[in-house]
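# Descriptive analysis of the structure
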Amino acid sequence: MTGLESHDVPAAVDPANWELRVTGAVADPLRIDRSWLSTFPAETFTQDFECVEGWTAAGLTWRGFRVGHLLERAKPTVQSGHALVRAMDGEYACAFPIERLASAVLATELDGEPLGVDHGGPARLIPTESESDCWESVKWVAEIEILESEPTDADTAEALALSRIE
Ligand SMILES: Nc1nc2c(c(=O)[nH]1)N[C@H]1C(S)=C(S)[C@@H](COP(=O)(O)O)O[C@H]1N2
Ligand SMILES: [Mo]
């Protein structure tokens, strides 16, 4: 019991073959597997999660890796100001200003256990600021694409989340 709601896991989500790619406007594109990810400094924090559909999960304790540490390895170009975080299921993607993304955590544990696939494991993005939208908490993160201009059509997360209301 986490307090999070349960949603279907899309068929394309395959945790056994998970890796995270950092692509786009970077000097060094990365493919990060679980063992490399585990060498980055980890941090733990507790937050409430509130969905725009009207439910809240109180006091979730996440553990994971600050996205900024991954971006330091990839070296975004000086012109890059945006990023698109894509889920393993293909269609779902959420845009961020790069500074906000750098402060987010890629969580691999929830409440002291490995994050299960039902709640976005192996890796779920958790923005660390208090003001964030539920659809920014991207489950099954597979790719961070660094961009020099703000994505429009590819940023599907808000519309998909709002389409679930009523
Ligand atoms: N890949 C992906 N991530 C996603 C979503 C989604 O549909 N696909 N929905 C978002 C929304 S709107 C919410 S409220 C939470 C739901 O998280 P839960 O399934 O763990 O309750 O996931 C967020 N992350
Ligand atoms: Mo949501």
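Procedures and definitions
The written sequence of each chain sets the order in which its residues are numbered from 1. Both sets of labels track the order of writing: A upward for chains, 1 upward for ligands. Residues qualify for local features only when their pLDDT is at least 70, as the model is predicted, and side-chain atom pairs are given and counted only at 80 or more; totals for whole chains, interfaces and linings, by contrast, use all residues. To obtain the side-chain values, all non-hydrogen atoms of the structure were used and water was disregarded. The near set for a molecule or strand comprises every residue that places at least one heavy atom within 4 Å of it. N or O atoms closer than or at 3.5 Å make up a polar contact, with two conditions inside protein: a donor-capable atom paired with an acceptor-capable one, and, for residues adjacent in sequence, both atoms drawn from side chains. Areas reported as accessible are Shrake-Rupley estimates using a 1.4 Å probe. Residue values count occlusion only from the protein chains shown. Buriedness for pockets is judged along seven lines, at least five of which must meet protein on both sides within 12 Å for an open set on the 1 Å grid over protein atoms alone, while cavities are sets there where a 1.4 Å probe fits but cannot get out, and lining residues have an atom within 4 Å of a point. Being in a pocket or cavity means that more than half of the molecule's atoms lie within 2 Å of its grid points. Three categories are distinguished: nonpolar for Ala, Val, Leu, Ile, Met, Phe, Trp, Tyr, Cys and Pro, charged for Asp, Glu, Lys and Arg, and polar for the others, with Gly belonging to the last. Here a salt bridge means any side-chain nitrogen of Lys or Arg lying within 4 Å of a carboxyl oxygen belonging to Asp or Glu. Labels follow the DSSP assignment, with helices taken as runs of H or I lasting at least four residues and strands as runs of E lasting at least two, numbered in each case from the N terminus. Three labels apply to residues, based on accessible area from a 1.4 Å probe with only protein chains included: buried if under 20% of the type maximum, exposed if over 50%, partly exposed otherwise in between.

Per an unreviewed UniProt entry, the protein chain goes by the name Oxidoreductase molybdopterin binding domain-containing protein and belongs to Halobellus clavatus.

Okay, the site of ligand 1 next. Not every one of the 19 residues close to ligand 1 is listed here, only the nearest: Glu5, His7, His119, Ser137 and Lys139. In the environment of ligand 1, a nitrogen atom lies 2.7 Å from a nitrogen or oxygen atom belonging to the backbone of Ser137. Computed on the free molecule, ligand 1 has an accessible area of 540 Å², of which 97% lies beneath the protein chains in the complex. Judged by its atoms lying within 2 Å of the grid points, ligand 1 is housed in the largest pocket. Its residues assigned to classes, the shell around ligand 1 comprises 11 nonpolar, 3 polar and 5 charged.

This model, assessed by the stated rule, comprises 9 salt bridges. Two residues, Arg86 and Glu145, come together in a salt bridge whose shortest N-O distance is 2.8 Å. One end of the pair, Arg86, is in strand β5 (residues 82-87); the other, Glu145, is in strand β10 (residues 141-147), and 59 residues separate them in sequence. Across the pair Arg100 and Glu136 runs a salt bridge, and its minimum N-O distance is 2.9 Å. Taken together, the residues Arg100 in helix α3 (residues 98-102) and Glu136 in the loop between β9 (124-126) and β10 connect sequence positions 36 residues apart. Exposure remark for Glu136: the relative accessible area of 7% places this residue in the buried category. Via salt bridges that share partners, Arg21, Arg86, Glu143 and Glu145 belong to a single interconnected network.

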